[in-house]
Every structure is written in C-alpha cells, then in structure tokens.
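# Chains, contacts and geometry: an overview
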Amino acid sequence: MTSKASGRNSNPVRVFAGHLCGHEIPGFADRVLAISRLSGGDSASIPTLLRTILADPAMTAGVLHAAGRAYFNPSGHSISTVNQAITQLGFATVQRLAVSAGFLDQFLRGPRRERLRGELALCLHIACQAHRLAAHFTDHDPDEIYTSALLARIGVLAFWASREERATQLATLEQRPGMTAEHAEREVLGFTLNDLTAQLNRDWRVSPLLEMLLDGTAVAHTRARYLYHGYRLAQALMAGTTQPATAIAEAAQSLAISREELALLARQAAEESCELCRMSRDEILSRAIPSEAVLASLGV
C-alpha cells in the first residue's frame, strides 16, 4: 500500500491504521469490540449478545463448538443453540467465547497463515493469563482485562494478515543477522508494529490499560499489572527453557502471591488458551500453546 496523504494525515502509522480499518479488517472493531463492551448486568445485553453472535456464522460456530467441549461445559448439558449456551455457561463465558471466535476468524486467514498461527496462539494465551490474574484478585471487570490483553499485539496481527506489499521485504530483513524486529519495522515501514497497535487502540478506544502496557507504565498500575504479567507469563511459557520460572518469580513478587499459587493460575490459563485455540478447528494452532512438558515444569 502506498499513500499520498499529506498534512495531519501524513503520519505513516495513522495512514496505515486507517487503511487497515477501511480495507483489510473493516468492521472488526464493531463486530468484536461491541460484544466485549456489553455488560452482563444490563437486561438489554443478553438479546444484543445473542443477535450479534447469530449474525456472524463463524462466531456462532465457534461458540457452539466450544460450548460442547467438557472444558467449558463440564456438566455435559446438551447445547445446540447460542441461547442455550448463554443459559448454561453464563453470559461472561459466552461473551468471551464470542470475542475469541471473532478474533480467530478475522486473523486466521491469508497467505501468511503459518506466521499468524503463532501470533494468534500468543495473543489468546496472553489474554487468558491476564484474565485469570484479574479474576483471582477479584478485579471489577476481568473481561475488560481479557479484551485489552487479547489486542496487545493487534498491530502485528493486522499487518501480517493484510495484503501489504512490504511484508515480504520486512520478513527478509528480519532474518538478517543482528537485526531486531523493531529496527526492521522502522526501516521498512517507518514505524513499529507496536506503534500500530497503539494507534489502533486509540482509534478504537479499546482501553487505557492497553495504552499503559504499550507505553511501559503498566507495572505501576494495579489493574494494568494483570496485562503486564499476563503478557510476560505467556511469552515465557511459549519460549520454554528457564524463562517461565523467572516470569513466575517476578509476577509473584509484584502481585504478593505465592509462586505455587501463581504457577497453578498460569497452568490453568495455558489450558484455557489451548481450548480457545481449538475453536478454530485448526489442529496446528491448537498445538501452538506450551506443551505438557513446559507446563509440568511449573511444578503444579
């Protein structure tokens, strides 16, 4: 994509974000973020959630597939409609399933699917880790934490899912010895994909918590810390080796929780993210979450 925009619109990251919203992922914010902003305590929210899910065949299929799995439906109730899913699983669970299904459907496509799988798995894992922490500490709105964390790398996803002609050039430059991703992005695009995430966060008004994560101030804020440590835990578990133990120790100290209790929460979040990946029916994606051997290293 090239642009001859000038004046206030000549900011390259703003121009590219506008292109994405208008041509590559039109309606994504309306479709997914609208669901995340519904309140389970509002009597109008249930019919709105129901209508929004049913209007999207992929989202409907994802929710019903997940609702039939023992992880989300341990009682084994037969669920064949979205309305039954809301009744049996609860508003918050179905809301989170719908957001996740819409997210997967939007980005698990295109010519760079192999790269996108890893990013999608990481984003779902970050969201589950952050949400689990928020729920454990009885945050007043853990679903806001979930959505904010899910979109923590939305710029990366949106770029690699797009038809952007500079993607091949960027992928090649990233492989150069000593080249960091951020340096390669600035050289090819004139901005980083983290900058793009920040711009989309502003354009879509996702959350000030996400802004704190992106600008490096999250660890000092009570609620934004859940995003920060969720991100760190997910990255560490995906990397394996000795990194999970370090991330567990750092988060336990910051959140004033025992390492054993935090390790259990981290394992539960990893298991949930794996179940969410299965909504895609993509076997490779569902295997992208940390292996049992990595989870076992947490000692719980």
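Residues numbered from 1 in each chain as written. Predicted model: local features only at pLDDT ≥ 70, side-chain atom pairs only at ≥ 80, totals over all residues. Heavy atoms only, no water.

### Looking at the pattern of salt bridges
For the record, the criterion: Only one rule defines a salt bridge in this text: a Lys or Arg side-chain nitrogen within 4 Å of an Asp or Glu carboxyl oxygen. Only DSSP runs of H or I with at least four residues qualify as helices, and only runs of E with at least two residues qualify as strands; both kinds are numbered from the N terminus onward. Only protein chains enter the calculation, and the probe is 1.4 Å; a residue is then buried if its accessible area is under 20% of its type maximum, exposed if over 50%, and partly exposed in between.
Under the counting rule described, the total for this entry stands at 18 salt bridges. A salt bridge links D282 to R113, with the shortest nitrogen-to-oxygen separation between them at 3.6 Å. Highlighted residues: D282 in the loop between α16 (259-277) and α17 (283-286) and R113 in helix α7 (residues 113-136), separated in sequence by 169 residues. Since its relative accessible area comes to 36%, R113 is described here as partly exposed. Among the ionic pairs, D139 bridges to R223, the shortest N-O distance being 2.7 Å. Separated by 84 residues along the polypeptide, D139 in the loop between α7 and α8 (142-150) and R223 in the loop between α13 (208-215) and α14 (224-239) bring together distant segments of the chain.

### Brief notes about α8
To keep things clear, this is the line we draw: Between two residues, a contact is recorded if the distance between any of their heavy atoms is within 4.5 Å.
Burial analysis of α8 places 8 of its 9 residues in the buried class, which makes it a mostly covered element. The complete set of buried residues in α8 reads P142, D143, I145, Y146, T147, S148, A149 and L150. Turning to α8, the residues buried within the fold contact α2 (28-36), α6 (91-107), α7, α13, α14 and α16.

### Considerations on the confidence of the model for the protein
Spelled out, the test is: You can read pLDDT as the predictor saying how much it trusts each residue, on a scale of 0 to 100.
When the pLDDT values of the protein are averaged, the result is 90; 93% of them are 70 or greater. Counting interchain partners and residues more than four positions distant, the pLDDT-below-50 stretch residues 1-7 has 10 contacts.

### Quick notes on the packing of aromatic side chains
Geometry of an aromatic ring pair is reported as the spacing of the ring centres plus the angle between the planes. Selection rule: Here is the rule: rings of Phe, Tyr and Trp (six-membered ring for Trp) pair when centre to centre is within 6.5 Å. Planes less than 30 degrees apart are stacked, more than 60 are edge-to-face, and the remainder are tilted.
For the structure shown, the criterion picks out 8 aromatic pairs. Ring geometry for F137 versus Y226: centroids 6.0 Å apart, planes at 15°, classification stacked. Of this pair, F137 sits in the loop between α7 and α8 while Y226 sits in helix α14, and the two are 89 residues apart along the sequence. Overall, the relative accessible area of 25% leaves F137 in the partly exposed class.

### A few points about the side chain of D56
How we decide: Think of a polar contact as two N or O atoms within 3.5 Å of one another; within protein, one of them needs to be a possible hydrogen donor and the other a possible acceptor, and neighboring residues in sequence only count if both atoms come from side chains.
Take D56: it is sitting in the loop between α3 (45-54) and α4 (57-67). Of the polar contacts made by the side chain of D56, one reaches the backbone nitrogen of A58; its length is 3.1 Å. Of the polar contacts made by the side chain of D56, one reaches the backbone nitrogen of M59; its length is 3.1 Å.

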